[in-house]
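Summary of structural features
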Amino acid sequence: WLDFRSVRDALSLEIQLASGIFLLVALMGAFGVRFSILNVAMIPAVLAAGIDMGVHVKHREKEGYGPLASARFVAQAVQLSLITTIMGFGALFFAEAGMLKGIAWISVLGQLSMYFICMIVFPLGKEWWKSRCEKISAEKKIVFETALRD
């Protein structure tokens, strides 16, 4: 809230984070990854990545770019961050300790789920909603103008 001074924008980012965590848990189930004490410690890192991605996109939107243009604008920086984080934590896949492999799973799946939600799903959803609202507004305007003529 302090960054954007808008409850609506803050809630939008919170919904993105919750959606990313939900997708993470779904992917964990799909890949058979269970929570452990060390895995849970990775959740704040996953949330931090989601906050970072969402805030960068939202800042570009505040500058006047559309949702998809905002995501495209920050895509290279976010992708570079994503790749280096996945490479760093992905190295733990080669560890012999199962707990460290769990950290790798949580980190990689979490980063990918946050990227998918913050950089693809939400910008596409916002763009769709924006075009839908514009279409409805145009239809209402036509109906209103027709009513005025009659």
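A few points on the structure. From a predicted model like this one, the values you see are computed outputs, not experimental measurements.

**Comments concerning the packing of aromatic side chains**
Across all of its chains, the model carries four aromatic pairs by this definition. Relative to Trp105, the ring of Phe31 lies with its centre 5.2 Å away and its plane at 35°, an arrangement referred to as tilted. Of the two residues, Phe31 is situated in helix 1 (residues 7-31) and Trp105 in helix 5 (residues 98-149); the sequence distance between them amounts to 74 residues. The partly exposed category is assigned to Trp105, whose relative accessible area is 29%. Judged by centre distance (5.1 Å) and plane angle (35°), the rings of Tyr65 and Phe73 are tilted.

**Regarding a nonpolar patch on the surface**
A cluster of nonpolar side chains, namely Phe116, Ile120, Val121 and Leu124, defines an oily patch on the protein surface of about 310 Å² accessible area. Tracing the chain through its elements places Val121 in helix 5.

**Quick look at the packing of helix 3 (residues 43-62) against helix 4 (residues 67-90)**
At their nearest, the axes of helix 3 and helix 4 sit 8 Å apart, and the two run at 145° to each other. Considering only the axes of helix 3 and helix 4, their crossing is right-handed. Where helix 3 approaches helix 4, its residues Met53, His56, Val57, Arg60 and Glu61 are matched on the opposing element by Pro67, Ser70, Ala71, Phe73, Val74, Val78 and Leu82. Each residue belonging to the contact of helix 3 with helix 4 can be placed in one class, and the counts come to eight nonpolar, two polar and two charged.

**Some remarks on the packing of helix 1 against helix 3**
It is the contact of helix 1 with helix 3, at a shortest axis distance of 10 Å, that shows an interaxial angle of 140°. Regarding the angle of helix 1 to helix 3, the classification is oblique. Where helix 1 crosses over helix 3, the two elements pack in a sense that is right-handed. In contact with Asp9, Ser12, Leu13, Gln16, Leu17, Ile21 and Leu24 of helix 1, helix 3 contributes Ile43, Val46, Leu47, Gly50, Ile51, Gly54, Val55, Lys58 and Lys62. Class assignment of the residues belonging to the contact of helix 1 with helix 3 gives a composition of nine nonpolar, four polar and three charged.

**Here we look at helix 1**
A rise of 1.5 Å per residue sets the reference length of helix 1, with its 25 residues, at 36 Å; its end C-alpha atoms lie 36 Å apart and thus fit the reference within 8%. Listing the buried residues of helix 1 in full gives Asp9, Ala10, Ser12, Leu13, Gln16, Leu17, Gly20, Leu24 and Met28. Phi for Gly32, located one or two positions after helix 1, is positive at around 70°.

**Digging into the side chain of Asn39**
Within the element layout of this structure, Asn39 appears in helix 2 (residues 37-40). Given a relative accessible area of 2%, Asn39 falls into the buried group. A distance of 2.6 Å separates the side chain of Asn39 from the backbone oxygen of Arg34, its partner in a polar contact. Beyond its immediate sequence surroundings of up to four residues, Asn39 is in contact with Val33, Arg34, Met99, Gly102, Ile103 and Ile106.

**Considering helix 4**
Here helix 4 spans only 30 Å end to end across 24 residues, well under the 34 Å set by a 1.5 Å rise per residue. Roughly 55° is the biggest bend found in helix 4, and it falls at Ala75. Listed in full, the buried residues belonging to helix 4 are Pro67, Ser70, Ala71, Val74, Ala75, Val78, Leu82 and Gly90.

**Quick look at the pattern of salt bridges**
The tally for this structure, following the rule as stated, stands at five salt bridges. Lys62 is the partner of Asp9 in a salt bridge, and the nearest nitrogen-oxygen pair spans 2.5 Å. Within this pair, whereas Asp9 is found in helix 1, its partner Lys62 is found in helix 3, the two being separated by 53 residues in sequence. For Glu61, the salt bridge is made with Lys126, and the minimal N-O distance between the two is 3.2 Å. Separated by 65 residues along the polypeptide, Glu61 in helix 3 and Lys126 in helix 5 bring together distant segments of the chain. The class for Glu61 is buried, based on a relative accessible area of 18%.

Rules of the game
- Residues numbered from 1 in each chain as written.
- Predicted model: local features only at pLDDT ≥ 70, side-chain atom pairs only at ≥ 80, totals over all residues.
- Heavy atoms only, no water.
- Phe/Tyr/Trp six-rings, centres within 6.5 Å; stacked < 30°, edge-to-face > 60°.
- Helix = DSSP H or I, 4+ residues; strand = E, 2+ residues; numbered from the N terminus.
- Buried < 20%, exposed > 50% of the residue type's maximum accessible area, 1.4 Å probe, protein only.
- Patch = residues over 30% accessible without salt bridge, like charges linked within 9 Å, V, L, I, M, F, W, Y side chains within 5 Å.
- Areas by Shrake-Rupley, 256 points an atom, 1.4 Å probe, with all protein chains shown as cover.
- Salt bridge = Lys/Arg side-chain N within 4 Å of Asp/Glu carboxyl O.
- Axes fitted to C-alpha atoms, helices over the stretch in contact; angles between N-to-C directions.
- Left-handed = near helix turned anticlockwise from the far one by under 90°.
- Contact = heavy atoms within 4.5 Å.
- Nonpolar A, V, L, I, M, F, W, Y, C, P; charged D, E, K, R; others polar.
- Parallel < 35°, antiparallel > 145°, perpendicular 65-115°, else oblique.
- Expected span 1.5 Å × (residues − 1).
- Polar contact = N/O pair within 3.5 Å; in protein donor to acceptor, adjacent residues only side chain to side chain.
- Bend = angle between axes of the 7 residues up to and from the residue.

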